[in-house]
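What follows is each chain in one-letter form.
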Amino acid sequence: QPGPHEDADPLSLPTEYLQPITYAVVGQQKSGTSTLWNNIVFHPHIKWVSPSKEIFYFSNDVPSTTLCDADLIGYQRQMAVQRLKNNRTDMHVGDWSTTYFSCVCCPVVLRTMNPSMKIIVVLRDPIQRTLSRFLEQKRNPGFTFHDQVANHTFASFVEEEVGKVEKCVQHAGRVKTRGRDNSPDRPPRGWGAGMDMGDWLEAQCYARSNLLGWSVYDIFLENYMAHFPTKQILVLYTNELATATLATMRKVEKFLGVEPYSYDEEKAVLIFNSRECYHWHCAKSRNEIREARSKERDPMLDATPFGQASARLVKFFRPHMRRLIKWADEGKISPVPQSWKSTYA
Ligand SMILES: Nc1ncnc2c1ncn2[C@@H]1O[C@H](COP(=O)(O)OS(=O)(=O)O)[C@@H](OP(=O)(O)O)[C@H]1O
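Residues numbered from 1 in each chain as written. Predicted model: local features only at pLDDT ≥ 70, side-chain atom pairs only at ≥ 80, totals over all residues.

## Considering the overall build of the chain
- Counting its regular elements, the chain contains 13 helices and seven strands.
- Taking 20 Å as the expected radius of gyration for a compact globule of 345 residues, we find that the chain reaches 20 Å, a close match to that expectation.
- Along the first, second and third principal axes, the C-alpha set of the chain runs to 60 × 50 × 40 Å.
- Looking at the chain alone, contacts between residues at least 24 apart form 74% of all its contacts between residues at least 6 apart. (Helix = DSSP H or I, 4+ residues; strand = E, 2+ residues; numbered from the N terminus. Rg over C-alpha atoms; globule rule 2.2 N^0.38 Å. Contact = placed C-beta atoms within 7 Å.)

## Description of the environment of Ala292
- Checked against the element boundaries, Ala292 lands in the loop between strand 7 (283-284) and helix 12 (305-329).
- With 13 C-beta atoms counted inside 10 Å, the residue Ala292 sits in the partly exposed group.
- Sequence separation between Ala292 and Gln128 is 164 residues, and the spatial gap between their C-alpha atoms is 9.4 Å.
- Beyond its immediate chain neighbours, meaning those up to four positions away, Ala292 contacts Leu131 and Leu135. (Buried ≥ 20, exposed ≤ 12 C-beta atoms within 10 Å, placed from the backbone.)

## Examining the pairing of strand 4 (residues 118-123)
- Along strand 4, six of the six residues are buried, which leaves the element largely enclosed by surrounding structure.
- Both faces of strand 4 are covered, namely the face carrying Lys118, Ile120 and Val122 and the face carrying Ile119, Val121 and Leu123.

## Remarks on the domain arrangement of the chain
- Split into domains, the chain comes out as domain 1 (1-123 + 229-286) and domain 2 (128-216 + 293-328).
- Centre-to-centre, using C-alpha coordinates, domain 1 lies 25 Å away from domain 2.
- Contacts between the two partners involve 14 residues from domain 1 and, on the opposite side, 18 residues from domain 2.
- The residue inventory of the side of domain 1 that touches domain 2, partitioned by class, reads seven nonpolar, four polar and three charged. (Domains from an automatic or database assignment. Nonpolar A, V, L, I, M, F, W, Y, C, P; charged D, E, K, R; others polar.)

## Let's talk about unusual backbone geometry
- With an omega dihedral of -5 degrees, the bond running from Gly27 to Gln28 counts as a cis peptide bond.
- Assignment of secondary structure puts Gln28 in the loop between strand 1 (23-27) and helix 1 (33-40).
- Cis geometry is adopted by the peptide bond preceding Pro51, which originates at Ser50 and carries an omega value of 15 degrees.
- In this fold, Pro51 is placed in the loop between strand 2 (46-48) and helix 2 (72-86).
- One non-glycine residue, Asn87, adopts positive backbone phi at about 55 degrees.
- By secondary structure assignment, the location of Asn87 is in the loop between helix 2 and strand 3 (92-95).
- By the C-beta count within 10 Å, which is 6 here, Asn87 ends up exposed.

## Some thoughts on helix 7 (residues 197-207)
- Listed in full, the buried residues belonging to helix 7 are Asp199, Glu202, Ala203, Cys205, Tyr206 and Ala207.
- Buried residues along helix 7 sit against helix 6 (154-173) and helix 8 (217-227).

## Observations regarding the site of the ligand
- By nearness alone, 20 residues border the ligand, and Ser34, Thr35, Ser132, Ala242 and Ser274 come closest of all.
- Broken down by secondary-structure element, the contributors of at least two residues to the shell around the ligand are helix 1, helix 4 (126-139), helix 9 (238-243) and strand 6 (271-272).
- Split by residue class, the shell around the ligand holds five nonpolar, twelve polar and three charged. (Near = placed C-beta within 6 Å.)

## Notes on the environment of Ala311
- On the secondary structure map, Ala311 appears in helix 12.
- Owing to 13 C-beta atoms within 10 Å, Ala311 belongs among the partly exposed residues under this scheme.
- Each C-alpha atom, one on Ala311 and one on Thr343, is 10.0 Å from the other, the two residues being 32 residues apart in sequence.

Spelled out as structure tokens, the structure:
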């Protein structure tokens, strides 16, 4: 049952309750955003758009439900909930929908709402992210993409999906503007900010492939970079969240310009929404989480269908990862994990 705050009428709220969000954690899905959320929202100045971690207001898992022109008065109501509950308006309220990173029109929505908005992206090794989402969908019959993977092994899924996405991207290439700079070093192009029909089609190829395509980070990040200056975009990595959760939260605090807070240290070592327990609020300790496959357990991994699929994925992701590595080397985004360089450079 919605409480009185969830039912508030934006038309009768004081203007300061209606100020746009100041930050958004746009994704990527399956990169550790639940762990970050379950800790950092205890900061007295860092809150979220209610009702729960993700509101999916402007985009959902399935891009055909993209909602970029969704009802703004309803969104104002949700932005006000935490302000009303805490009886203050001097906090950062942010949207935590991890579906926004791969949503082609979302950078425009967020910039229109607040051009000074701070954008936070958490990125995980793309193969690990694909595997994580694959396992999640495979294990849960009610989940959106279960039918896509129900009859697949990871290897057979990769073979089919890589083929599909590559065919789609090739098709997109047919309508890219001739003579345009399509090099990896091109200045960022976004939806409504320099993309042509071919670029848009290509972005859709990845956006419509939730398990695999959503791990193609450069295309989505480029879209955000075309709409927001790099100083307004903070890229974090799951690796750093894994090895130094508190330090990662300090980075977020600094980025948002708030004082350091004393978080619950026992909570900060837990892992939320893992493969052992799919729920935003469910926490497990690190040693409770089993590895999907590891070379230590399976020294012949490279020769297995799983190993072959991983090699195929390294090849598929390499050009995209090289762009991220380059942006990091140029200081446009935070330095990437060393393991990314050894795998994909
Ligand atoms: N601190 C830390 N270290 C290492 N890995 C971590 C950490 N926190 C979360 N995770 C892993 O991130 C996966 C969940 O990501 P999200 O919370 O972003 O998922 S979701 O998009 O909200 O569904 C989920 O991955 P899988 O276990 O592979 O499914 C978590 O185990």
